[in-house]
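# Remarks on the overall topology
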Amino acid sequence: MQITLTGIIRLVFERLHIPANWVAPTVMLVASVIVLFFILFVVLYLIYGLRKIMGWIQARIGPNRVGPYGLAQTIADALKLLAKEDIMPAMADKWPFIIAPIIVFVPAYMVYLVIPFGKGGSWVAQDLSIGVLYISAILSIPIIGIITAGWASNNKWSLLGSFRAAAQLVSYEVPLALAMIPPVMLAGSMSLQGIVHAQQGVWFGIFPKWFLATQILGFAIYMMAALAESNLIPFDIMEAESELVAGFNTEYSGMKFALFFLAEFAGMFTVSAIAATLFLGGWLPIHPALSFIPPVFWFLGKTLVLIFVLMWIRSTLPRVRVDQLMSFGWKVLIPLALLNIVWTGAVVLFFPR
Amino acid sequence: MPTITLQQFMFGAIALVILGSAILVATLRNIFHCLLFLALSFLGVAGVYLLLSADFLAAVQVLVYIGAITVLMMFALMMTHRVMTTDISQSLTQWWLAPLPIALGIFAVLFRVYVRHGGQALVDTKHHAVPTTGIIGQALLTRYMLPFELASILLLVAMVGAIILAKEDKSDDPA
C-alpha cells in the first residue's frame, strides 16, 4: 500500500476519534505548510547556488565563511534580514505599502498548487483540469503588487522601477502564455499531469517522446520570456542597480523586502519547473530503462538543470536597454510564438497521436 | 431556523467583498486606492464563477480583468501625474440619477431570466465540477461560431485603430 498524506492523517484522526469530515481541510492545511517550507528551503539554497555559480563563472570563490563551504551563509543572511528594522517611509502611502509584498508573494506561492513533482495524486497538491491557464492567470497578479510597491513608496526610483516592471512583465507575459499553448495542443489537455502523461514513450527505442522534439522554438521562446518574467539579467531593467538604485523595492527593508526576494527566487524555481513539465517530460525518465530512479528525482533534476541555465545566462550576459527589450518582445518573440502555434497545429493535424 | 450550506455562506462572503470594494471604488478619493479595490472586486467575481463550477471562466476573469485591465489602468494612471497626486471627489451632484436606469435595466434582465426558469437554479452546483474548457471550445466553434468570429474581427479592428492613432504622422510637416 502506498503511504499518502491523506492516509496518514485519516489514520491519526481515527485513533484520536476526530470526525472524518475534518480530514480533507487538515490535509489541505498540512500540504500548504509543507509546500511553504519547501519554498523556503529551495529559495535559501537557490540563493546560495546562484552566488556560488556566479562566483565560479566570474573566477571568484563565492560565499565560504559560514558553515562548511559557506552552506549556512544564506541562513545567516535570512536571520539578519528578519532582525532588521522594518522602516516605513514618512511620506509613503501606508496600507498599499504594506500589502504590496503580500500581493507579490501570495501568487508565487499559489502556483505550487498545480506543479506535479511526481507520478500520481500524492505528488501534486491539486491537479486542476485548467492547470496551464491557472498558471498564466495567477502569474499575472504580481504585477499589481510591484506597481503598488513603486507607487506607495513615494520615491522616484521606485516609481520608475515599477513603471519599467509593469511594461516588461505585461509585454513578456504574452510570449510566455503563447509558448505554453503548443504543449497543451499536443497533449490535448491543460492539466499538468495530463501533459506529462502525453510525453510517455520513446521513438526508435532511444529518443524520449518529449514535446521538446517538435518544440525547440517554443522552448527557446518560453525560456527567454521566463528570464524576463523572473527579472534576471539580461532582462533585469526593472531593478537595474546602476540606473535605479534598486528599482521598485528601494524603500523596502526587513521582512517586507524578504518577501519580494522570496517571491523572486520562488518564481525562478516555478518557471523552470513549468518548463521541465511542458517540454522535458516532467517526472518521466529519459529512457524507460532508467525508471528505477524515482520520478521526483527526475523532476527536480530537470528543474535544477534549467535553473542552472538561467543562472549561467544571468552571470554571462550584459543588460539590454529598455527600448531593445520592448522591441524584442513585441516584434520578435510574439510573431515567432504565433508562428510556432501554427507549426504545432500542422504537427497535430498531420501526425496525430 | 433554516441552516445555510457552506456554499451559501461562501456566496454571501464573496458578495460582500464584491459589493464592499465596488462601493469603495466609487467613493474613495485617492484614485490609486480605487484601482486596488477594483482589482479585489474583480477577484470576487472570479470567486463567484468558481462557486458556479465555471473554472475556465474564473481563470480567464483573473487573467483578463486583473492581469490586463487593472494593470493597464495603473499604467495609464502613472503617466498622468496630476491625477496621481491630488485627491479628487468622485461625485457629481447633478448626475446622481444617471446610474438608476442602468441598475434598473440590469435588474430587469436578471429578473426576466429568473422568472423564465421558474426560480430554478440555472447551474447545477450540487455535483462535482466537470471540466468546462472543452465544452466552451466546442460551443464557440460550432453553435456560436458567428458571434465568436464577429468578436474577433471587432478586436482586430480596435487593435489596428489603436495602432493608427498612436502612430506618428510622418506626412505632416514637423511643427
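Residues numbered from 1 in each chain as written. Chains lettered and ligands numbered in written order. Predicted model: local features only at pLDDT ≥ 70, side-chain atom pairs only at ≥ 80, totals over all residues. Heavy atoms only, no water.

Within chain A one finds 13 helices and two strands. Taking 2.2 N^0.38 as the reference for a compact globule, 353 residues should give roughly 20 Å; the C-alpha atoms of chain A span a radius of gyration of 21 Å, in line with that estimate. Taking the principal axes of its C-alpha atoms as reference, chain A extends roughly 60 × 60 × 40 Å. The buried share among the 353 residues of chain A stands at 50%. Long-range contacts, defined as pairs at least 24 residues apart, comprise 75% of the intrachain contacts of chain A with a sequence gap of at least 6. About 16700 Å² of surface is accessible on chain A, with carbon and sulfur atoms providing 74% of the total. (Helix = DSSP H or I, 4+ residues; strand = E, 2+ residues; numbered from the N terminus. Rg over C-alpha atoms; globule rule 2.2 N^0.38 Å. Buried < 20%, exposed > 50% of the residue type's maximum accessible area, 1.4 Å probe, protein only. Contact = heavy atoms within 4.5 Å. Areas by Shrake-Rupley, 256 points an atom, 1.4 Å probe, with all protein chains shown as cover.)

Let's shift gears to the overall build of chain B. Secondary structure summary: chain B contains seven helices and zero strands in total. Reading the secondary structure of chain B in the N-to-C direction produces α-α-α-α-α-α-α. Taken across its 175 residues, chain B has 21% of its residues classed as buried. Restricting the contact set of chain B to residue pairs at least 6 apart, pairs at least 24 apart contribute 58%.

Bringing the pattern of salt bridges into the picture now. Residue and element names in this part refer to chain A. A complete count under the given rule lists three salt bridges over all chains for this structure. Between Arg51 and Asp77 there is a salt bridge, with the nearest N and O atoms lying 3.0 Å from each other. In this pair, Arg51 is assigned in helix α2 (residues 23-57) and Asp77 in helix α3 (residues 73-83), connecting sequence segments 26 residues apart. For the salt bridge of Asp323 with Arg321, the shortest nitrogen-to-oxygen distance reads 2.9 Å. (Salt bridge = Lys/Arg side-chain N within 4 Å of Asp/Glu carboxyl O.)

With that settled, consider the interface of chain A and chain B. With 24 residues of chain A in contact, the opposing surface of chain B contributes 23 residues. On the chain A side of the interface with chain B, the three residues burying the most area are A:Ile144, A:Trp151 and A:Phe163, jointly 29% of the side's total. Put simply, chain A and chain B have zero salt bridges between them. Scanning the region where chain A abuts chain B turns up two residue pairs in polar contact (both at pLDDT 80 or more). For the side of chain A that touches chain B, the elements supplying multiple residues, two or more each, are α4 (94-110), α5 (131-138), α6 (142-153) and α7 (156-187) of chain A. With seven residues, α7(A) is the largest single contributor of residues to the side of chain A that touches chain B. (Buried area = accessible area lost by both parts, 1.4 Å probe. Polar contact = N/O pair within 3.5 Å; in protein donor to acceptor, adjacent residues only side chain to side chain.)

Attention now moves to the side chain of A:Gln73. Residues and elements named next belong to chain A. Within the element layout of this structure, Gln73 appears in helix α3. On the accessibility criterion, Gln73 (14% relative accessible area) is buried. In contact with Gln73, other than residues within four places in its own chain, are Arg51, Pro63 and Val66.

This next bit is on unusual backbone geometry. Residues and elements named next belong to chain A. If you check the backbone angles, His17 has positive phi at about 55° while not being a glycine. Considering the arrangement of structural elements, one finds His17 in the loop between α1 (5-15) and α2. Classification of His17 by relative accessible area gives exposed; the value is 73%.

Attention now goes to the confidence of the model for chain B. Across chain B, the average pLDDT comes to 82, with 81% of residues at or above 70. The least confident element of chain B, judged by mean pLDDT, is helix α4 (residues 81-85) of chain B at 59; the most confident is helix α7 (residues 145-166) of chain B at 92. (pLDDT = per-residue confidence, 0-100.)

Let us now look at the packing of aromatic side chains. For any pair of aromatic rings, geometry is given as the distance between the ring centres together with the angle between the planes. All names here are of chain A. This structure, assessed with the given rule, holds 17 aromatic pairs over all chains. With a centroid separation of 5.4 Å and an interplanar angle of 45°, the aromatic rings of Phe41 and Tyr45 are classed as tilted. Taken together, the residues span about one helical turn, with Phe41 and Tyr45 both in helix α2 at a distance of four residues. The exposure class of Phe41 is exposed, given its relative accessible area of 52%. (Phe/Tyr/Trp six-rings, centres within 6.5 Å; stacked < 30°, edge-to-face > 60°.)

Let us look at the packing of α2(A) against helix α12 (residues 295-316) of chain A. All names here are of chain A. Following both chains from N to C, one finds α2 and α12 inclined at 45°, their axes separated by 10 Å at the closest point. As far as their axial angle goes, α12 and α2 are oblique. Judged by the twist between their axes, the crossing of α2 over α12 is right-handed. Residues Phe38, Leu46, Gly49, Leu50, Ile53, Met54 and Ile57 of α2 pack against Leu300, Ile307, Phe308, Met311, Trp312, Arg314 and Ser315 of α12. Considered class by class, the residues forming the contact of α2 with α12 number eleven nonpolar, two polar and one charged. (Axes fitted to C-alpha atoms, helices over the stretch in contact; angles between N-to-C directions. Parallel < 35°, antiparallel > 145°, perpendicular 65-115°, else oblique. Left-handed = near helix turned anticlockwise from the far one by under 90°. Nonpolar A, V, L, I, M, F, W, Y, C, P; charged D, E, K, R; others polar.)

For the rest of this paragraph, the subject is a nonpolar patch on the surface. A surface patch of nonpolar side chains, about 500 Å² in accessible area, is lined by B:Leu156, B:Met159, B:Val160, B:Ile163 and B:Ile164. Along the chain, the position of B:Ile164 falls in helix α7. (Patch = residues over 30% accessible without salt bridge, like charges linked within 9 Å, V, L, I, M, F, W, Y side chains within 5 Å.)

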